[in-house]
Structures are given as C-alpha cells and as structure tokens.
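Listed below, chain by chain, are the residues.
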Amino acid sequence: MKRLSLVIAMVLFAVGYAAAQQAISGTVTSEDGEPLIGASVLVEGATTGTVTDFDGMFNVTVPAGGEKLIISYTGFTTQEVEIMAGKTNYEIMLSEGVAIDEVVVTAIGIERKKDEDLSSATLIETDLLERSGETGVIQGLAGKTSGVNIVRNSGDPGAGAYIQIRGQNTILGDASPLIILDGVPISNSSVNNNTLAGVVQQSRLNDINPDDIESITVLKGASAAAVYGTGAANGVLVIKTKRGKTGGKRFSVSAGITYGIDEINREYEKQGEFGQGLPDIYAGVPYDQFGVFVAGNSLSWGDRISDRSGTDEVDQSGGFFTGDQTGSTYFPIITKGDNNVYNDSNRDQVFQNGQTVDVNFGVNFRGENSNTYFSFSRLDQEGIIKGNSDYTRSTVRINQDFNIIDNLNIRINTSYSGVESNRIQTGSNLAGLYLGYLRTSPDFDNTDYSGTYTDANGLNRPGHRGYRNGLGTARPTYNNPGWTINVQENPTEVDRFVVAPEINWSILPNLTATVRYGLDYYTDERRTVFPINSGGDFGQGQLSRDEITEKTQNLFLILNGNSQISDNLGLNYTFGYNLYDNEYQRLSGTSANLLYNSPEQEFILDNATAPNQDNDQFLSRNRKNGVFGVLNATIAQNLLVELSGRLERTAAIQDELFFFPSASVGYKLIDDATKGLSFAKVRASYGEVGIEPGLYQNRNVFVASTAGSEGWGDYLDGANYGGTFSRGAIQGNPDLTIETVKEIELGADFRFLSNRIGLGITYYDRTTEDGILPLEAPPSSGFTTVYSNAAEISNTGIELDAYYNIITKNDMSWKIFGNFTTNENKVEKLPGVSRYILDGFASASSAVIEGQPFGALYGGVWLRDDAGEFVFEDDNNGFPTNAPEQDVIGDPNADWRGGLGTEFTVKGLSFSVLFETAQGQDMWNGTQGVLNYFGIAPETANITVASQDLVTYFGQSIPAGTTFRGNEVDFGAGPVAATAEWYLDNGGGFGSVDEQFVQDASWTRLREATISYALPQSLIGKTGLSNVSIGVTGRNLVFWSEFEGADPETNLTGASKARGLHYFTNPGTRSVLFNLKFGF
Amino acid sequence: MKNLLLLALAGLLVGATSCESVVEDLNKDPNNFTDISTTLIVNHTILNTVTVAEAESARNAGMWVDQFTGSDRQYITLDNYGIVNADFDAPWADFYRGGLSQAEIGIQKATEENAPSFLGISQIMKGYYAAEAALQFGDVPFSQAADAVQFPDPVYDGQREVINQAIALLDEGAANVGSLAITGSGTNNVLNTSSSWDQLANALKARYLLSVRDYAGALDAAQDAGFDAASNSVDIIHTTSNFAENLFYQFEAEQRTDYLTFTGSFLIDVLSDTTDVSRTTDKTNDSNRRSFFSYDDGEFVRLNTNIGGFFAADMNFPLVGYPEVQLIIAESAARTGDEELAISSLNNARNYWDGVMGTDDYADLDEDDFDDEDDLINAILLEKFVSVFGLPTFHDVVRTDNAIGTYLDGRDAPLQRFLYPSTEASSNSNYPGLIGLDVPTPINN
C-alpha cells in the first residue's frame, strides 16, 4: 500500500510540475499518408521529447528558445523541423530511408540516441544477427562489438554458449549477463552445463527465435546497469523483439527458409602404424620389434600393422560374437593378422555433415486501434554426430499493442518455445563419444557395436562390442562410439512460455506511468538411458530423469517524465519499483542395475530393485525488490549528466538494505555534420552493482552421505546401510554480505567527415570487492570449505569500436568496421588460501589464484631448479620428473580480441565478411596428453633410429642404430629415448605433469562471410511479392590456430567459469547456410 | 527541483524499507537438514571407515609395498612413486572431514543426550581416525581438530601424542559402550561380526601399539580383543546393490578396469610356487589362495572380482580381521619371547584361510620350521603381507624396514609416509610444510 501511495504522490507532483510547460502538437505520417505510431519527437538540445500515438499524433513541451523538432522513426530518414513562433500544429511527413541515427536501449527499456548516451552501450540490429546464421541468439553476437566474449560450448546442436562481458568478476555469482527481454528479465540458466561428463546442455537463451529480434543492446558498464542492483554485475543484454508496424501496409508477411550444412572444423589425428597391444618393454620384446598385439588391451602400443600376415588366426572352438550391424561373427584371436587400418571407417561411423532447416514466418497486422506481430518458426537440426544428436525448436510469438483510449496503451508480449533434442554423452566419461572413439586402436573395426554373444555352451546373450572387448562378452570398458550415439539415449524436452503484459498511461504529454509484469516459465525434462552393457558404471544399465522447472516473475512500476526547467536545463527522470521472484525446482529419479534388458529400452523407472532406485530434489525460492531512479539532465545543450541508483533488499540478506549508485557526465564538444570532425563527445561514469550471496549459504547442513573414493568412482552409498548423514563439507556463514562491483569508465565518441567515420573508445577499471567463495578450509578443521567474502578481483580494459562508410550512395554502399578489446583480469586478493578450483580434474583445473588472472590453468609441473631448469634426478635416466606440488600452468583469458568486417552493397547485391580473433590465451589439451598415453597420437608412432647409444625412461639401453618406436628427445641432460615407458608415465596425459599439454589457444577465424541478392522489383513486381532475396552464409569457414586437434572455441566445462580445458569435448563446427527470404 | 529530488529520495527510502516482508524467511534451505539424529551420524562415522580400510588409501598403501601393481593410467605413475601432495587431498578429507569431525559431532550429541552407547562408539571411531591419520602422515592435527569455530587453522600435534590420545579414546569408548554387540544391536548396519564394540576397540588398540613397537601392550590388547573365531572379524558388509559392492570390485570391475592388478607384484610371487620368493613347502600350499585373490587372463594378473573371489561384489571386507589380530599376537609374542604362542597364533591365521576357502592347504607349523626368532618373525610378517591388504601391512613394512624384502620398484627403502595434502598446504596457517616421502615419521625415527 505504501508503495502505491508513493507512486501516486510522485505522479501528482510531476503532473503539477509539468503542467506549467508550453505544448505544441502535430502528426507524423509516412509518405503514403499512413500515420506513424511511436515515432520519436524530440526538441533539439533538450531531453524533452515524446512519441507519437496511435494516430501518429504528438504533444510536446517546447522550452522557450527551443528551435527545432527532431523526428525519427525506425526505417525512416530522421527529419528536423524548425519551430516557428506561434505555430502550434505541425504536419510532418517522413520518407523511408536507411540513414537513421544510432540508438541504444537503456536498462529499463527506454530507447535513446547513442549521441546522448553516457555509457559504452552498443546496439546490434537484427539484420546483423540474422546474417550470422546462428541458431542461437547469443552466438550471433560474436565478433560484432567490443567487450563481449561469446564461446560456444561445443558444436552439438543447440549447445549453450558462454557470454562474458568485460572479464569475469565473480566466483560464485552468475557468470552471464542479465537478459532483459522487452523490459523484463528472463532466465538464462544453464543447469548442469558442466560437461566434465554427461551431455552438453542447451542454454535457455537458445529458446528465443532469432528472427523475432529487433535489436540487442549490450550494456557493458556498471553505471548503465546500476538500476538493476544485484542483478547486473556482469552487464546486461537488452533484447527488443519486433512489434507490429505502425506505418505502411495494413497487412504484411515476411518469411524465410534456411538450409544449413555443418561439418567438424578440426579433428584429432590418429596414428595408423601400430596396432592394439602392449609395447616392447611390457610385452617382453626388443625395442626394434615395437610391441605385441593383445586383444582387449586399452593401448595402441602393439605390433606394426604392416608387418602382419593379412588374416587373423582365430579360435573357433568356443564362444563367438555375432554383430547386429553387419552380421559378421567374431572369434577370439590367436594371432592377429589383419593388417587393415580402420581409422577412416571408424570416423565415418560417428561423424557426418550436419543439416539444419529453419523456416520462419512473420505477419504484421495493423488494425483500427491495435497492431500485431505474429511469428512462427521451426528449426530442425541434425548434428555432425550421427545417431541420436539433434535439436528441434518451434516458436510462436504474438506481440500485441492496443490503444484503449488516446493516452492509454496496452501491450502484451507472449511467446512459446518448444524444444526437443537428443544429446550425446561427452567429456571424461567412459560412456562418452569422443573418449571411446579417439582411444579406439587403429586396427580395430568399430562397425559392429551391438550383437549377440554365444558362449561355448551355445547360450546367447546380448552384448556390446568395443575395442576393449572385441567379443562383446560383457561391456567393453569404453563404449564403442556406435553404442554411444545409437543405443544410448539422452532426450530433452523444453516447454517455455514468456508472457509480459504492460500498461502505459500518458498522464501528461511528458509524463508516462508504466506497469509491467513478466512471467517466464519453463520446464526442462531430461532423460538418460544407459542400456545394459553400457560402459563405465552403467554395465547393468541406468535410467535417469530430471525435471527442472523455473518460474521467474517480475513486476515493474515505472514513472517516466521530462521537463524543461529553463533554457539551459532539461530533465528526464524515471522512478520505479521492481519485484523479482524466482522459483526453481528440480526433481530427479534414477534406476540403476536394471532388471529386464528390454530390447525396446522403455523408460520404466520401476525396472530396478528398491535399493537401486533413487530420487532427489532441489528447491529454491528467491526474491528481491528495490526502488530505482534515473535522472538525466541536459545543461546548456552540451553537458549531459545522469544520476541513477537502486535501493534493494534481497532474500539472501533480508535484514540489510543495499544502495547501488551511479553517476555519469558527458560533454559534447562538437556536433556539426558539416565539419571534418563532425561529432565529439567525452564521457565519464562511476557505477556500483552487486552480487548477492547465494541462498542457503548461511548455515551448516547435514546431508545424506557416501563414503569411499568418490573421485575414482568407487564408494558406498549410506542409503544401502540403513541411512547415513554427515555434516556437509561447507561451513555456512551467517555473516555474508553482498559482493560489490565498482567501476570507473572513461570514454569518447567521435565522428569524422560528415559522420562517415565513427570511433568509440572506452577505458574501464572495475573491481569486485568482498567476492564470495567457498574458501578452502583445512579439512582438519572439520570442513573443506567455508563461504567467505574474501576475494578481490579486478578487470581493466580498453574497448574500441570503429567504422568507416567509404561509399554511401543510394545504390551502392561500402563500409568497414572493426572492434578491439583488451582486458586485464587479476585476482587481487584471495587471503588464507593458495587457490580455489573452479572446475576440472585433480590433475589440471581452472582456478582462482591470488595474483593470477581469473580461471588460471593449474596443474602438475616439472621439477625445476631456481633458474627454471629441469632437475634431473639420478634414477630418472635423463628424463625430467614432476614437482611434488602443482602450480599455475596457463592463462585461459585472451590478451586481446578483435573483429574486423566489411559490407559492400551494390543494387540488390550485398557481400559481407567478418573476421574475429582472440590472441594470447592458453588451453589445456588434456585430450592430446591422453592420446600420447594410449599411443594414438601420431607423435608416439614415430619410428626412430637411435643416433647414439640411448637410455629409456626405465634405464634400458637402446644401442646406436637401433630402430625403436618413439622419439629421441633431449630434455637437457643429453638425448634419451622417449618410448612407451615415458608416454605411459609422466610423458603422457595420465602422468603428473600437465604443464606440457598446455597449448597456445589463440585463434583467428573467418567468423562469417555472406553473399545475398535482393531480386529487383522489375522481376518480382507481378508476383505480388514485395521482396525476395537469396543468400549464402558461411560461418567459421576457416580458422587458424596452433591448438592441436580441436577448435579451441569449445570448453569442457561448458558455460561455467572454468575456462580453457579440453578433454574429449565434442568437436566444433563450420557451416554453410543457404537462405531464401520473401515478403508480401 | 529540490522538492523533486527530496521526494524521490524519500520515496526510495520508504519504498525499500517497507518491502522486507516480501523477502523474509526465504533463506532457509528447503533441501537439507540443519540438524540430524545421533543414530544417522554415528552410522556415517562407521560407514566412513571404508575410506581408510578399503578405498584409495588401501590401494595406494598396497601398491607402494607391492601387494598390488599399478597397471594403467594414473596408477602407473602412482605405483612408480610419481606422487604429488594433491594425491592425498581426498584421503585426508575422508579422514578428517568425513571421519574424525563427524565422530566428534557424535560425541557431542551423545553427551548431550546422555547416550553412553553412541558416545562409546563415537569415541572408538574418533580414536580410529586419529590413529590411522597419525600413522600415515606423522604429526597431524588432533587437539584443535574438528572445531572450526574455535580453531579454523588447527595446529599439528606430535605423532606419538596423537596415537596415545587415540588409544585413550579407544579405552574410554570401550568402557562407555561395553560389550554391546556390533551387529544386531541396532547401532549400525555397516559392520558384520560376532564381536562386540569393546572387542573392536581392543583389536584396534593392538594394531596401534604394534605400530609404536609396544609389543607387550599390543599382545595384551590383542588377547583382550578375544578374536577367537573367524566370525570375530569385523567386516564391512557388501552386497550386489549399486554402491554397496566391494570397493575393489567397483574399482576394478566397474570404474577403473586395469588400473590395479597383481601383475608382477611381490604378493603374487610369494603365493606362486615357481618364484624365488615362493613359500611353498609340504606344509604350505598357496595355489588356492592365489586363485582366491587373483586370476591371470593373459593380459594381467587381475584382482579376483568374479563371483566367489576375494574381491567379488558381495564379498565383505575386513575393518579388522581375525588373521590380523592373530598375527599381531603372533608377532608380539615372538618379540616378547613366547615362541609357542607365536607359532600357534600364526597357525590360527593360516588355518583361517582353509576355513574361508574350504581347503586343507595349510598344515600346522612347529618350531622346527624356523631357523631362529627372526625367521619366525619374518614368516609371521609374510603371512600378514599375504593376508591383510592395505595400511596395516604398509605400516609393517615401514616399521620393519622391509624385513620381508618386498619389491620396492627401484627404491632402496620403503616410502616412509604419505604427503600432507595440498588442501592443508593451501589453507592452514599452521601447516608444517612439505615433508618428503623419505623422511621417517617420529615413531620410526
């Protein structure tokens, strides 16, 4: 009640104040006389302004001395109209055109001219997003503006993406920016998107149909986002969807169809020289005989394939396996003779060219007192992985505007997205795709993956055949990739509704009250089927189902007005109240050790004994509310000042109020299109935003417990032993406070040569104080971690965006544009703990370490002396050894990033290309290390002739002139023979030295290349169509990177804060898309 | 203008302060308990013993004294002593966070509730975790451990002192819980045995006194334990239910096939009849025990995780077994001059296997079978080496400076200790610094 009375009081006050102003009125129409609804009408030099109503009419207050009205409307040429003394009514006609003023949308959804904006916000128009051909909204932003880093988690269809604006600044808080869709925050959860093992999940942002989007404004700085308080520490993406047109034809349709082809953009090479089995030393053969075939062995350190006889000698006296796929029978091998290399066919079993078909259809309808945008889209994507890998998204959107009476407008945005997808197991996962595929020995044919094992007594049982169990007698330790993609199932189904009604009441020409409500509700149902005989822990089969529901509600009460206090002072003010409410629940059920091995693989959770059935739930309810205000002042035409703030209370700390202020000032040095330096503005701002502590971090809890070596996978579940509970490992902290992000931003915007060249430059320095983390505690204290406000993280950087319109003629234009970002990220303080591991493995991880960049790669290193040279211990035979303690081994953050693009249009034909680069970051190539171990990496298949007498890692001698498998390496203590002994120990990925597998992950890529052609009217005039265009887009067509075997633009741990890890992550893609668009 | 700002400010304050009700009382975790019954936490402290007896620490200890061989992946490096402190992060947390501190909660709750049985069990458990930690790592936190509010950075107490305190806790615990049966008395569902809690306390006490070379004390405690029958073995129960299976089974058969084997290990050579270190005589036939423990599939000599094997899914695993207690008696008796008791206890331990396997492989030994006292002691130690897997055997090898001559994979002397974990190095201001693998702990110095 108090809130309501407050709003009323404010309204009354503002009404009284504004009524003193002098008003003029008029109408705005298009050239064909249609009224333009929502056109912006501004008084030059003041912030005073309004928008036209449903009949194209406007009323605006003009201060004494006001000389010009500036009328702008999307898609039309902006017009300036002189205000003549005594004339109070103006008929203004706008002509369609392209040269519109750049605008941005503020955090609370208000559009404003970029020239007046005091932040580094950038707006990206829909055509740029669509051109990217990405199926997800966010991915399409990559490379288009400075300060934003977008990384796809993998090339899986619908895979989520990681979005980072200006460097990471929180350890536990949300890593991604706040997403505001048509004025309401929506969820961008990536639940369980950590893919150490499991499947790559989608990002909820992918639910939005990119064709529905009008523009995305990226608010990078704290000052621009301060009105969202604890919601906006990572910046804000303000997304505006299309609305019914208020001008032009009453009824119009636009439609498009896109067909895309995806393929893998980089793969690991596998050696084809040596077969499955044990190496020389373990097989007991001399080095020049390399190794011995051992069926079922995990390693490919066996004999030379080309030395073999040609046919296998098999034992047909006992059991055998009959494959389902080819009908072939497989017997135990007595002597391996087959000298075929199956690397290619094993690859083709798994990978294909992916396909995408995207159909979209949009209708604009302008009624008597309403206008409507309706759209439908359907996307069908088949992944680059054969079998159960696909993504289907259907969306429907209705955006409706009603003018109830002249000054009361209601708009309702509703959308539905339905996503069905099949995912593939990935990562560090015995039942995962890449792990089984890459480790498969070159001489093993994976074609038959399922079938029947007939034992010596003639009894049949279903089997799973893989290189570690070629007879399929029981599950192979690693899945046959054919099994992973065809037999295992990981379907997901998402249903999502977003409903956002809004009432706008123009109380006075210059005062509007808005009530806006937003509901974002989705269910995400995920199932996992590991049939009996799957790898790892799933030999007896497992079913699991996760049901995730999230409901986010927002209520906004906003009062927006403006007034011209005097000739030299114009004000624009916004006050509001916001209530945020989020309800999340996740229910999970699992059945393990299935009873009936049904060929149909029905999803029946009862198919297990009671002790093998498990269920679990997680619930949370969060709320916060706050009041906010923004005050913009224009002083003496050129000095712009903005003050904003939010006072907030959150559920996590209910007893305290937090205030987030921001202040910005800007000065327009020049604004004259006729000059060489046409426009110059300098700006400075300071802002604070926050990150609230997570819920439930305030106290100790007791949890159902397990005991054993959970890290290795063997443990006892207390539920099997009458129930056990233990006090949780994390010590709760009732004294937590919020994390505060403080940022200073300095910038300047310039335009030269009649606005043909534009340049924006911003410097920022932001610091997170009181960063919360589960600080590592000595386990001897009884806890392994304790939540604390301990960290301080800084990000400083420079962002540059520039363009040059080289040619701007009616039928020809040529533009080049670019952006550059450098961000230096540092963990300034992390007291009492040497590192905090974000994610990864015990060996290599991404961690937060004092004095290091956020997410630094951390792992085992070589033992070195003070000078940094290897220490060679006596019993190590000239090989280096590992240090007993881990250390920093790399920095996953790029030193700088940049984008460079050009667009060229002549008549209906357009070309565009966009290059993007990220330089100076590292990535741990765990996959490579492990392939060394297994003897799959080509490097390990080198046949070397000893140039002198050499010693192996185990101290064995290899006389000069002897041929051996491996490499002659000089680590600094003279040449040694790096044979299997070395690669199976510290020279491989299972050794204790991860340092050697950290690689430069810098990349440069041709992010997009597009050709499109709009058919001329002369051709389509008679068809009834108003426009037809065809185009081809290439995405990620070429990339250059030193990183071996994979596109470094993937991440093992998905969209999480742990960066720079690669471990059997599903590969990335490049794509070509053909599209046809038309309208009538 | 002024009015506008004032009003705005007033509005902001009123608005926000009035809205506490909206956010009130939401920060109560609906997913977890903030308190728990004593039974459940005590049951956890018992379950958690598996982390010491049967999980990673047991495998590591076994590899480093060559009962086992690391044959694949990280285990190759581990077996070759390519050890870093982070390798001990998980076991240390299991001892302290999962074990000792939960036992301390049990002690506090049982004291508040005046429940002597739970108090006694919790004390025995706390004593167990403290002593096992001290034996592995040397000086360890004890007096300030498991009290995060008072001592966020616990100091490290002397190894001997910790073992003494642990033994005192075992004594107190035994007195509090008395002769309550371990199985069937409703105090837990983890252990299967005919022993009572005070018998377990004494058996553990014997293990620790032996480690500090108090042979007379160890002999008394082992005899007080009264492990007269095989059924006295205190075993962790395993079934074929998911995550109730034997951990060696889970590790080898389900999770990490090939990592841990017997290939080329001293243990398998001892049990073989063709090697230099074979024990085979007309009174000793180890072939059945070898098959009980292992099988050779041509690729590796594997842990016998098949049905009926020693490491089968549903094979219980000893927390303290009958053979261990008999062999503590045997060694302590031999070292205190009671050769007769030493030999009879050794025979008990040998005959145990005939009982388990249903064989008649081990004839009774007598004094003529031994050249001298050292020969007898070595036979006892060797029998223990092939009977008791994991830490107790590791400590024997260190204590006796490898009297039995197990393979040390290139090292001259056994590994002396486990490394303090990286987690303590990183977060405890009282961390004593990295102490190398070759530095003896105080009890062996």
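Coordinates for the structure precede this section.
Being a predicted model, the structure only gives us computed values, none of them experimental.

Undergrad: Describe the overall build of chain A, and please don't skip the residues or the numbers.
TA: Helix and strand counts for chain A stand at 10 helices and 67 strands. Radius of gyration (C-alpha) of chain A: 32 Å, near the 31 Å computed for a compact globule of 1080 residues. Taking the principal axes of its C-alpha atoms as reference, chain A extends roughly 110 × 75 × 60 Å. Expressed as a percentage of contacts within chain A between residues at least 6 apart in sequence, the contacts between residues at least 24 apart total 69%.

Undergrad: Quick one: what's the story with the overall build of chain B, residue by residue and with numbers?
TA: Assigned secondary structure in chain B consists of 19 helices and 9 strands. Taken along its principal axes, the extent of the C-alpha atoms in chain B is 110 × 50 × 45 Å.

Undergrad: Residue-level account of the interface of chain A and chain B, with values.
TA: The interface is formed by 95 residues belonging to chain A together with 89 residues belonging to chain B. Of the residues forming the side of chain A that touches chain B, the biggest block, 10 residues, is contributed by strand β36 (residues 613-635) of chain A. Partitioned by chemical class, the residues of the side of chain A that touches chain B number 38 nonpolar, 40 polar and 17 charged.

Undergrad: Let's hear about the nonpolar core: which residues, and what values?
TA: One finds A:Val848, B:Ala134, B:Ala166, B:Ala206, B:Ala222 and B:Val325 to be the most contacted residues of the largest nonpolar core, which totals 250 residues. A total of 13 residues in this core trace back to one element, the largest contributor, which is helix α8 (residues 116-137) of chain B. Taken together, domain 2 (185-260 + 354-428 + 484-698 + 733-855 + 892-921 + 1003-1079) and domain 3 (699-732) of chain A each give at least three residues to this core, which thus spans both. Within the second largest apolar cluster, 71 residues are counted, among which are A:Val104, A:Ile138, A:Tyr577 and A:Ile691.

Undergrad: Please set out helix α18 (residues 391-399) of chain B residue by residue, giving values where relevant.
TA: Counting along an α-helix, one turn takes 3.6 residues, and residues three or four places apart therefore face a common direction. Residue and element names in this part refer to chain B. Burial analysis of α18 places 8 of its 9 residues in the buried class, the great majority of the element. Residues Leu391, Pro392, Thr393, Phe394, His395, Asp396, Val397 and Val398 constitute the buried set of α18. Where α18 is buried, its residues contact α4 (50-53), α5 (56-64), α8, α10 (197-211), α15 (322-335) and α17 (373-385). Backbone geometry just downstream of α18 places Asp401 in the positive-phi region, at approximately 50 degrees.

Undergrad: Would you mind going over the sheet that holds strand β51 (residues 856-859) of chain A in detail, with residue names and values included?
TA: All names here are of chain A. With antiparallel pairing, 4 strands are arranged side by side in an open sheet as β49-β50-β51-β52. Every other strand in the sheet has two partners, leaving β49 (836-840) and β52 (887-890) as the edge strands with one partner each. When the angles between neighbouring strand axes are averaged without regard to direction, this sheet yields 50 degrees. Alignment of strand β50 (residues 845-848) against β51, held across 3 bridges, turns out to be antiparallel. Opposite Ser846, over in β51, you have Leu857 as the bridge partner.

Undergrad: Talk me through the pairing of strand β48 (residues 812-829) of chain A; I want residue IDs and the actual numbers.
TA: Residue and element names in this part refer to chain A. The pairing of strand β47 (residues 785-808) with β48 spans 16 bridges and is antiparallel. Bridged to Leu800 within β48 is Phe820. The turn linking β47 back onto β48 is made up of 3 residues.

Thresholds applied
Residues numbered from 1 in each chain as written. Chains lettered and ligands numbered in written order. Predicted model: local features only at pLDDT ≥ 70, side-chain atom pairs only at ≥ 80, totals over all residues. Helix = DSSP H or I, 4+ residues; strand = E, 2+ residues; numbered from the N terminus. Rg over C-alpha atoms; globule rule 2.2 N^0.38 Å. Contact = placed C-beta atoms within 7 Å. Nonpolar A, V, L, I, M, F, W, Y, C, P; charged D, E, K, R; others polar. Core = buried A, V, L, I, M, F, W, Y, C linked by C-beta atoms within 7 Å. Buried ≥ 20, exposed ≤ 12 C-beta atoms within 10 Å, placed from the backbone. Domains from an automatic or database assignment. Pairing = 2+ DSSP bridges. Axes fitted to C-alpha atoms, helices over the stretch in contact; angles between N-to-C directions.

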